[in-house]
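Here are the chains, one letter per residue:
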Amino acid sequence: MQIKPAMSFWISFLLILSTATLILCQEVEDESEFDYVKGSKRGPEHWGEIKPEWAVCKTGKLQSPIDLFHKRVTIVPKSKEITKFYKIGNTLLKNRGHDIEIKWVDKNSKIKINGISYILMQSHWHSPSEHTINKTRYDLELHMVHQSKDNKIAVIGLLYRIGKPDPFLSKLIKKIKSIGDGEEIDGGLINPAKIRMRGKKYYRYLGSLTTPPCTEGVLWTVNKQMGTVSEEQVMSLREAVHDSIVLRVATRLHAEKNARPVQALNGRKVNLYYQQIKNYPY
């Protein structure tokens, strides 16, 4: 029996999503085994060689981040397929070595995409941004990582440029500065709804985790409109982790970065949706 192209696509799509099982359980919490230094034996170009279970970092065809180049994007004028249901909850703040993570302990916030609910599990920052738009890399990117009941992953990515301080980050900076490498502290009650998602345009594509093991099958939503963050806030995030060691011998603006290089698109479809992502308390 000959499989039609459309049917073949959906079979491949379902197989890809199945690989997302237990992604969060696999995500590296101790980031000391890899780094972001170009030319380093533990750098991004060698992640797939460090451990057998990280091989997809080198061999995968659906890797993230990518460049969201406008000529490759399919515009979808209207969509109501994504809704936030965020509410205040208890948190933990952890210094994972290369980034600062917020763990949403209560698991009482979620998003709904195409009728599927994804619980908000954790958030973390990358500087500079990992995704680029028309080859432009921005100053900061926040990842909000969600997981469905059947362990599929959906990540919302928010991009920031230098400007006014980000109000959400301003409330966390003091605690972030106090966390030592590998340490975890009580973050108190935080409402993820306070993280602003600006504008009515967002990109959607199928990709991967951007850190080892680079597992594929992650559904990405990247907000097109930029937020703003102060230079001091960006540097505070870098200084909080050991990526800032070069600050002792260089100027403040030359702190080590924690952004993976852009990966090949490999023919993937990228949609640009025109619909505001609204939050509905529940």
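Reading the values: rules and limits
Residues numbered from 1 in each chain as written. Predicted model: local features only at pLDDT ≥ 70, side-chain atom pairs only at ≥ 80, totals over all residues. Heavy atoms only, no water. Salt bridge = Lys/Arg side-chain N within 4 Å of Asp/Glu carboxyl O. Helix = DSSP H or I, 4+ residues; strand = E, 2+ residues; numbered from the N terminus. Buried < 20%, exposed > 50% of the residue type's maximum accessible area, 1.4 Å probe, protein only. Disulfide = S-S within 2.5 Å. pLDDT = per-residue confidence, 0-100. Contact = heavy atoms within 4.5 Å. Polar contact = N/O pair within 3.5 Å; in protein donor to acceptor, adjacent residues only side chain to side chain.

Here we look at the pattern of salt bridges
Consideration 1: For the coordinates displayed, the defined rule picks out seven salt bridges.
Consideration 2: Across the salt bridge formed by glutamate 33 and lysine 51, the nearest N and O atoms sit 3.1 Å from each other. Placement of the pair is glutamate 33 in the loop between helix H2 (23-26) and helix H3 (47-50) and lysine 51 in the loop between H3 and helix H4 (56-59), with a sequence separation of 18 residues.
Consideration 3: We note a salt bridge from glutamate 184 to lysine 103, for which the minimum N-O separation is 2.9 Å. Highlighted residues: glutamate 184 in strand E11 (residues 184-190) and lysine 103 in strand E4 (residues 100-104), separated in sequence by 81 residues.
Consideration 4: A relative accessible area of 38% means that glutamate 184 is categorised as partly exposed.

Observations concerning the state of the cysteines
Consideration 1: Per the stated rule, a full pass over the model turns up one disulfide.
Consideration 2: Covalent S-S linkage joins cysteine 57 and cysteine 214, the inter-sulfur distance amounting to 2.0 Å. Measuring handedness by torsion sign, the sulfur bridge of cysteine 57 and cysteine 214 sits at about 90° and is right-handed. One end of the pair, cysteine 57, is in helix H4; the other, cysteine 214, is in the loop between strand E12 (201-208) and strand E13 (216-223), and 157 residues separate them in sequence.
Consideration 3: Owing to a relative accessible area of 0%, cysteine 214 belongs among the buried residues under this scheme.

Focus: the confidence of the model for the protein
Consideration 1: The share of residues in the protein with pLDDT of 70 or more is 83%, and the mean pLDDT across the chain is 86.
Consideration 2: Counting interchain partners and residues more than four positions distant, the pLDDT-below-50 stretch residues 1-23 has 26 contacts.

Regarding the environment of histidine 143
Consideration 1: Along the chain, histidine 143 turns up in strand E9 (residues 140-147).
Consideration 2: Remark: the alpha-carbon pair of histidine 143 and glutamine 122, spanning 21 residues in sequence, is separated by 8.3 Å.
Consideration 3: Not counting residues up to four positions away in its chain, the partners in contact with histidine 143 are Gln122, Ser123, His124, His126, Glu130, Val155, Ile156, Gly157, Thr210 and Trp220.
Consideration 4: Reaching out from histidine 143, the side chain makes a polar contact with the side chain of glutamate 141 at a distance of 2.7 Å.

Focus on unusual backbone geometry
Consideration 1: Look at the link from serine 64 to proline 65: it is a cis peptide, with omega at 5°.
Consideration 2: The topology assignment puts proline 65 in the loop between H4 and strand E1 (73-76).
Consideration 3: Proline 212 connects to proline 213 through a cis peptide bond whose omega is 10°.
Consideration 4: The topology assignment puts proline 213 in the loop between E12 and E13.
Consideration 5: Positive phi is not limited to glycine here, since lysine 107 has a value of about 50°.
Consideration 6: Assignment of secondary structure puts lysine 107 in the loop between E4 and strand E5 (110-113).
Consideration 7: Look at lysine 107 and you get partly exposed, because its relative accessible area is 44%.

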